[in-house]
Amino acid sequence: MLSRTSVALDAMVDTLKAAAESSRLRILTLLSRGDLTVSDVTEVLNQSQPRVSRHLKLLLDAQLIDRYQEGSWAYFRLSDSEAAREFIGGVVARIDLADPVVSRDLERLSAVKKRREKRASEYFSANAASWDRIRSLHVPDQAVETAMLKLVGEAPFQSMVDLGTGTGRLLELFAPLYRRGMGIDLSREMLSVARANLDSAGITNAQVRQGDLYAPPVERDSADLVTMHQVLHYLDDPALAVAEAARLLRPAGRLLIVDFAPHGLEFLRDEHAHVKLGFSDRQIEEWLSEAGLELLEKRDFDRRAAAAPGLTVKLWFARDRRLLIADTDTPQSPPTETA
């Protein structure tokens, strides 16, 4: 169990005042199930937008929730503060979900999420053919995912960041291991898909946000695991993206990169916006070294097709070197939280 965070008396009084109102308790209950816009909360609570906005402001002022912008939309989520999350978790866990008001809120929330899923499904349908063509060129995703799970191991950790999260698949894959997960993507359409997928999987310990991989909206030295799955080949400057990913890592933090080996399939550049046609081990290893990371392992996943040319998927797994400087006797796994 994580050590409990102490809170000053006045701060606790302000927190209790902010939460001690039925509509705000309902909002906290809703946000414990995922990020929502003002319009979402307004629809679920069946209240006017000015009234909902006032409740949200009070919760923001009490630092129980956070707000972030995604294009013209503003999303609200539970605060990242350990003290706030512990408090909200304890309060929400004691609310009777069979209460008529709460039950109706959850029904409306389900309707909001089903609309998200419908939009995501429509986006997938419009792009399925092109994605399926690319998938046919390389090994099944399951083989790569199995290897990723084995490399990361079974030990739980605090924080994961998935850069270029796309559908949110890696957040779903590693959800049993991390306490907090964050997916970053520049595409609002893909973020809608990721939110729908996380909702469908019942994952509440992860969120997704719009952001640039060259300047991710994540604190430095904050992540135990950073992943970049089939992302680098879309970038003009993949070396810079690797360096930025490395800066997010805590000492002993790990970076997992999956992409393609060098290939000559020009149609991927012409038809699918691939900027780079794969990466060599030497390229990736140089970028990792320059970013202060130690390469732990690399793997190849060859499609081994008989006739048609295919793609070889590559996996590189690295670790922040600062652990080696701080404690040369410490094993490869990152430090665990103490009780």
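Residues numbered from 1 in each chain as written. Predicted model: local features only at pLDDT ≥ 70, side-chain atom pairs only at ≥ 80, totals over all residues. Heavy atoms only, no water.

Attention now goes to the overall build of the protein chain. Each helix and strand in the protein chain was counted, giving 13 helices and ten strands. Scored against the burial criterion, the 339 residues of the protein chain give a buried share of 46%. Partitioning the intrachain contacts of the protein chain with sequence separation of at least 6 by distance along the chain shows that 69% fall at a separation of at least 24. As displayed, the protein chain offers around 16,700 Å² of accessible surface, 50% of which is attributable to carbon and sulfur atoms. (Helix = DSSP H or I, 4+ residues; strand = E, 2+ residues; numbered from the N terminus. Buried < 20%, exposed > 50% of the residue type's maximum accessible area, 1.4 Å probe, protein only. Contact = heavy atoms within 4.5 Å. Areas by Shrake-Rupley, 256 points an atom, 1.4 Å probe, with all protein chains shown as cover.)

Core analysis: the largest hydrophobic core is formed by 33 residues, its most contacted members being Met-148, Val-152, Met-160, Phe-174, Tyr-178, Leu-256 and Leu-315. Elements supplying a minimum of two residues to this core: helix H7 (141-152), strand E4 (157-163), helix H8 (169-173), helix H9 (188-200), strand E6 (206-210), strand E8 (249-260), helix H11 (267-272) and strand E10 (312-320). If you tally residues by element for this core, the top one is H7, at five residues. Each residue touching Met-160, except ones within four places of it in the same chain, is listed here: Leu-170, Leu-171, Phe-174, Tyr-178, Arg-180, Gly-181, Met-182, Leu-225 and Thr-227. One finds Ile-184, Ala-223, Met-228 and Leu-255 within the second-largest nonpolar core, a separate group that totals 27 residues. (Core = buried A, V, L, I, M, F, W, Y, C linked by side-chain atoms within 4.5 Å.)

Backbone-to-backbone hydrogen bonds pair the strands of a sheet. The strands run either parallel or antiparallel. An order of E6-E5-E4-E7-E8-E10-E9 is seen for the seven strands of this open sheet, with the pairing classed as mixed. Edge positions in the sheet fall to E6 and strand E9 (293-302), since each has one partner strand and no second. This sheet shows a mean twist of 15 degrees between the axes of neighbouring strands, independent of strand direction. In terms of strand pairing, E9 meets E10 through nine bridges, oriented antiparallel. Counted as the bridge partner of Phe-301 is Val-313 from E10. (Pairing = 2+ DSSP bridges. Axes fitted to C-alpha atoms, helices over the stretch in contact; angles between N-to-C directions.)

Glancing now at the side chain of Thr-227. When you line up the elements, Thr-227 lands in strand E7 (residues 223-229). Within the local environment of Thr-227, its side chain forms a polar contact with the side chain of Asp-162, the two groups lying 2.7 Å apart. Setting aside anything within four residues of it in sequence, one finds Thr-227 in contact with Met-160, Val-161, Asp-162, Leu-163, Leu-170, Phe-174 and Leu-256. (Polar contact = N/O pair within 3.5 Å; in protein donor to acceptor, adjacent residues only side chain to side chain.)

Next up on the list: helix H2 (residues 22-31). Within H2, eight of the ten residues are buried, which leaves it mostly tucked inside the rest of the structure. Within the sequence span of H2, burial applies to Ser-23, Arg-24, Arg-26, Ile-27, Leu-28, Thr-29, Leu-30 and Leu-31.

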